Amino acid sequence: MDILIVYVMKNITRIVLRTLISITGLLLIYSGFSLIFSSSMEIKEMMMIAKVKPLIPLPFVFMELAFLYNGILEFLIGLYPFIAEYLKKKNVITIILRLLSIFFAIVMINPMILEIHFIVVGKVNFMALATAPGLFFPGGLFVHVFIEHWFGGILGFSIGVYPKVFSSLSKVVRKLKT
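The paragraphs below set out a description of the structure included in this document. From a predicted model like this one, the values you see are computed outputs, not experimental measurements.

**With respect to helix α7 (residues 140-161)**
The first and last C-alpha atoms of α7 sit 29 Å apart over 22 residues, in line with the 32 Å expected at 1.5 Å per residue. At Gly152, α7 shows its maximal kink, close to 25°. Of the residues making up α7, those classed as buried are Gly140, Val143, His144, Val145, Glu148, His149, Gly152, Gly153, Leu155, Gly156, Ile159 and Gly160.

Listed below in structure tokens is the structure:
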């Protein structure tokens, strides 16, 4: 009986993790398109109001690409964890995909590194709207900062560095098919 409980809990955990990864990917894709369609003046104004200064100044197009690339990759791995199995292979395409994931994850986390002080001190109102990424609801800034930048960035970095971890999510798919 204990073995059955452990088996069920492992599968439930995998399903929950796949769902979280997929939702994070969808949020990143949505915000990526929203950032692309936002005017650059609106984004600059929001960044100046929030006093966001990236550690490494990069053109904003990299942020848009980072949200889209890692969003698509995370969404696909959440739906089809077999992609993580493919990323484990050592060939030119997978190495490029993994390096892009690492680079774009760093781009996503970059503007948040210097903001840690403001977050810890409590100078950020996380119940505010996040208008530039299109999260027009109370708490949108919380979702944008913690789920998209931090969680999405860490997921993207993890996928690039060690995709083998995500390939174990496919075990539940195999067992459901049999």
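Back to the text.
**Topic: the packing of aromatic side chains**
Taken as a whole and judged by the stated rule, the model has 5 aromatic pairs. With a centroid separation of 6.4 Å and an interplanar angle of 15°, the aromatic rings of Phe33 and Phe37 are classed as stacked. Of this pair, Phe33 and Phe37 both sit in helix α1 (residues 2-37), 4 residues apart, which is roughly one turn of the helix. Ring geometry for Phe103 and Phe104: centres 5.3 Å apart, planes at 55°, overall tilted. For Phe104, a relative accessible area of 8% translates into the label buried.

Each value, and the rule that gives it
- Residues numbered from 1 in each chain as written.
- Predicted model: local features only at pLDDT ≥ 70, side-chain atom pairs only at ≥ 80, totals over all residues.
- Heavy atoms only, no water.
- Helix = DSSP H or I, 4+ residues; strand = E, 2+ residues; numbered from the N terminus.
- Expected span 1.5 Å × (residues − 1).
- Bend = angle between axes of the 7 residues up to and from the residue.
- Buried < 20%, exposed > 50% of the residue type's maximum accessible area, 1.4 Å probe, protein only.
- Phe/Tyr/Trp six-rings, centres within 6.5 Å; stacked < 30°, edge-to-face > 60°.

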